[in-house]
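# Descriptive analysis of the structure
Residue-level listing of the chains:
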Amino acid sequence: MVTWSRLLHMFRASENKMLLALSVVVGLTTGVAAWIFIRAIEIAQFWPAIPGQSVFMGITLNRFLIVLIPTVGGLLCGLVVQYGSPTAKGTGTADILFALRHKEGVLSGRHTFFKSLASLFTICSGGAAGPEGPVVSIGAGVGSLIGSLRDMKPEYRKYLMVAGGASGFAAVFNAPIAGVMFAIEVLLKEFASYAFSMVIVATVTASVTTHLLMGNRVFVEVPPTYALNHTWEFGYYALLAIFSAIVAKCFVQSYFAIEHQFDQWPELPVAAKPMVGGFILGLLALVIPTVMGNGHKEIPGLILAESITPWAWKVMILLLIGKLIGCPLTVGSGGSGGIFVPFLLMGALLGGLCGRLVHDISPDAASAGAYMVVGMGAMFAGITHAPLTAILLLFELTHDYNLILPLMFTVSLTLLIARALDPESLDAHKLQRKEAEDKTVYPA
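Predicted model, so just to flag it, every value in this text is computed and none were measured.

### Focus on the environment of Leu100
On the secondary structure map, Leu100 appears in helix α4 (residues 93-102). For Leu100 and Met161, which are 61 residues apart along the polypeptide, the C-alpha to C-alpha distance reads 8.0 Å. Not counting residues within four places of it along the chain, the set of residues in contact with Leu100 comprises Gly105, Lys158, Met161, Val162 and Leu187.

The structure is reproduced here in structure tokens:
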């Protein structure tokens, strides 16, 4: 029998209820911030970069402007990094991990603001980077700020920060379940019941908020014909896993090679480095126009076009190579932005090439588009070392269950091979470098 004392206890403020309430605030704020950030990009972005066809702020682009605009965007981003916050460059995930492990969940508002500004300059001017990294940083910054304003224990502030980062991931992809797994596999690296509940509440709130503001979004409309046609196709998916692991590690090596090269130019001002990166990207875009931008619109178009009129081999290979260079060039030179969508595009391209090869060998196998979808998950897992996030993300992006078995198989095998090639993920390497460079945590 429910007594009055029990009813009063249910509504009495407690630590758990306060944390859940704050998680709702974090999710709501992050969802609104994600909508504002994405809308700003949609209004001002410079993409696609095709002379005579593309328009930027009402101006029809020519070859000169295609090189000039990313150069200017890189300079503006560099000025933000040099005079605003040095941590505004890059993807932002390593800064979140560093704050969680060494700064008791404190991520300054200055970092969050300048990170957002630098990313806007990079993305809107055609940089090969996406909005997902900055939105995750915004969410983490919101969580850290709310925890600091409430003067909470460091443990709870960290949980709010993780909840914010996860809600940012969920908001930008419209994938709340993948957002929860992203928090556990990438940010937390461990399970905590408090954090788990808060992350779920924040990601659901953020997803509902962006759904109300932006409508229902399906990232990729997968044709119903995409399925596992024969069990022997697992052999071909194993081949895709091998290729995905190798290309994933090539991407990581390319990223650090370009970053190291720009770091070796001490005579070049900080602001000038992303400007040079933008200039080189603009030159590359004259040869491969779709190398610019994050690939958010290319991915569904690529997959649907493949099911109707297969893409040319040379175009797919050229774009894959272009993204392997363009994305690391954008972020590694000192630019700012996310890289999740660019390497999802690379996975789709690699999967399409593999699927085309499979069809030449076995015409009754699944279409190349099915291999594109699976390749996206495999590439994500190969770079982030977050297999459950990859599987759930692709499931939520496509809203399709038919490819879940080959997706699980390929993602798992890709991760095993990728870890054999290099036991650490891209973000783990970046965190190690940041720890080594930070004199306050690790004195010389």
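### Quick notes on the side chain of Ser119
Relative to the helices and strands, Ser119 is located in helix α5 (residues 109-124). At 2.9 Å, the side chain of Ser119 and the backbone oxygen of Lys115 are in polar contact. Here the side chain of Ser119 touches Ser336 through a polar contact of 2.6 Å, side chain to side chain. The residues contacting Ser119, other than those within four sequence positions of it, are Phe37, Pro134, Ser336 and Gly337.

### Some thoughts on the packing of aromatic side chains
A full pass over the atoms with the stated rule returns 16 aromatic pairs. Judged by centre distance (5.9 Å) and plane angle (80°), the rings of Phe182 and Phe340 are edge-to-face. In this pair, Phe182 is assigned in helix α8 (residues 176-188) and Phe340 in helix α14 (residues 340-361), connecting sequence segments 158 residues apart. Look at Phe340 and you get buried, because its relative accessible area is 6%. Feature note: the residues Phe169, Phe173, Phe182, Phe251, Phe340, Phe343 and Phe380 constitute an aromatic cluster, connected by ring pairs.

### Digging into α14
Between its first and last C-alpha, α14 extends 32 Å over 22 residues, near the 32 Å set by a 1.5 Å rise per residue. Across the 22 residues of α14, 18 count as buried, placing the element largely inside the fold.

### A look at a nonpolar patch on the surface
A cluster of nonpolar side chains, namely Phe64, Leu68, Val72, Leu75, Leu76, Leu79 and Tyr83, defines an oily patch on the protein surface of about 630 Å² accessible area. One can find Leu76 in helix α3 (residues 63-83).

### A short note on the nonpolar core
Across soluble globular proteins, nonpolar side chains show a tendency to be buried alongside one another. Of all hydrophobic cores here, the largest spans 118 residues; its most connected members are Phe169, Phe173, Phe251, Phe343, Leu344 and Leu393. Per-element tally for this core: the top contributor is α14, with 12 residues. Grouped together as the second largest cluster of nonpolar side chains are six residues, Val81, Ala88, Phe114 and Ala118 included.

### Some points on the environment of Leu350
Here Leu350 shows up in helix α14. Leu350 gets classed as buried once you look at its relative accessible area, which sits at 8%. Here the alpha-carbon distance between Leu350 and Leu240, two residues 110 residues apart in the chain, equals 8.0 Å.

### What about the packing of helix α10 (residues 234-263) against helix α18 (residues 426-437)?
At their nearest, the axes of α10 and α18 sit 10 Å apart, and the two run at 30° to each other. Between α10 and α18, the crossing angle belongs to the class labelled roughly parallel. In contact with Phe251, Val252, Tyr255, Phe256 and Glu259 of α10, α18 contributes Leu426, His429, Lys430 and Arg433. Residues belonging to the contact of α10 with α18 are distributed by class as follows: five nonpolar, one polar and three charged.

### Some details on unusual backbone geometry
The phi torsion at Glu104 lies on the positive side, around 55°, for a residue other than glycine. Position of Glu104 among the secondary structure elements: in the loop between α4 and α5. Owing to a relative accessible area of 46%, Glu104 belongs among the partly exposed residues under this scheme. At Asn174, a position not held by glycine, the phi torsion is positive, near 55°. With respect to the helices and strands, Asn174 occurs in the loop between α7 (154-173) and α8.

### Observations concerning the packing of α4 against α7
How two helices sit against one another is set out by the angle between their axes and by the gap between those axes. At a minimum axis distance of 10 Å, the contact between α4 and α7 shows a crossing angle of 165°. When the axis of α4 is compared with that of α7, the two are roughly antiparallel. The handedness of the crossing between α4 and α7 is left-handed. Residue-level inspection shows Ile96, Ala99 and Leu100 of α4 in contact with α7, the latter providing Lys158, Met161 and Val162. Here the residues of the contact of α4 with α7 sort into five nonpolar, no polar and one charged.

### Points about the environment of Ile383
Position of Ile383 relative to the elements: it lies in helix α15 (residues 368-384). A relative accessible area of 2% places Ile383 in the buried class. Expressed as a C-alpha distance, the spacing of Ile383 and Glu424, which sit 41 residues apart in the sequence, is 9.1 Å. Excluding residues that lie within four positions of it along the chain, Ile383 makes contacts with Ala248, Phe251, Phe343, Ser425 and Leu426.

### Looking at the side chain of Lys430
Relative to the assigned elements, Lys430 resides in helix α18. Given a relative accessible area of 12%, Lys430 falls into the buried group. Ignoring sequence-local partners within four residues, the contact set of Lys430 consists of Thr91, Ala94, Tyr255, Phe256 and Glu259.

### Structural notes on the pattern of salt bridges
Across all of its chains, the model carries four salt bridges by this definition. With a closest N to O distance of 3.1 Å, Lys434 and Asp95 form a salt bridge. On the criterion of sequence distance, the pair formed by Lys434 in helix α18 and Asp95 in helix α4 is long-range, its members being 339 residues apart. One salt bridge connects Lys430 with Glu259, and the closest N-O pair in it is separated by 3.8 Å. With Lys430 in helix α18 and Glu259 in helix α10, this residue pair connects regions lying 171 residues apart in the sequence. Among the charged side chains, a network of salt bridges with common partners joins Glu259, Lys430 and Arg433.

The rules behind each value
- Residues numbered from 1 in each chain as written.
- Predicted model: local features only at pLDDT ≥ 70, side-chain atom pairs only at ≥ 80, totals over all residues.
- Heavy atoms only, no water.
- Helix = DSSP H or I, 4+ residues; strand = E, 2+ residues; numbered from the N terminus.
- Contact = heavy atoms within 4.5 Å.
- Polar contact = N/O pair within 3.5 Å; in protein donor to acceptor, adjacent residues only side chain to side chain.
- Phe/Tyr/Trp six-rings, centres within 6.5 Å; stacked < 30°, edge-to-face > 60°.
- Buried < 20%, exposed > 50% of the residue type's maximum accessible area, 1.4 Å probe, protein only.
- Expected span 1.5 Å × (residues − 1).
- Patch = residues over 30% accessible without salt bridge, like charges linked within 9 Å, V, L, I, M, F, W, Y side chains within 5 Å.
- Areas by Shrake-Rupley, 256 points an atom, 1.4 Å probe, with all protein chains shown as cover.
- Salt bridge = Lys/Arg side-chain N within 4 Å of Asp/Glu carboxyl O.
- Core = buried A, V, L, I, M, F, W, Y, C linked by side-chain atoms within 4.5 Å.
- Axes fitted to C-alpha atoms, helices over the stretch in contact; angles between N-to-C directions.
- Parallel < 35°, antiparallel > 145°, perpendicular 65-115°, else oblique.
- Nonpolar A, V, L, I, M, F, W, Y, C, P; charged D, E, K, R; others polar.
- Left-handed = near helix turned anticlockwise from the far one by under 90°.

Shape descriptors only; they carry no functional weight alone.
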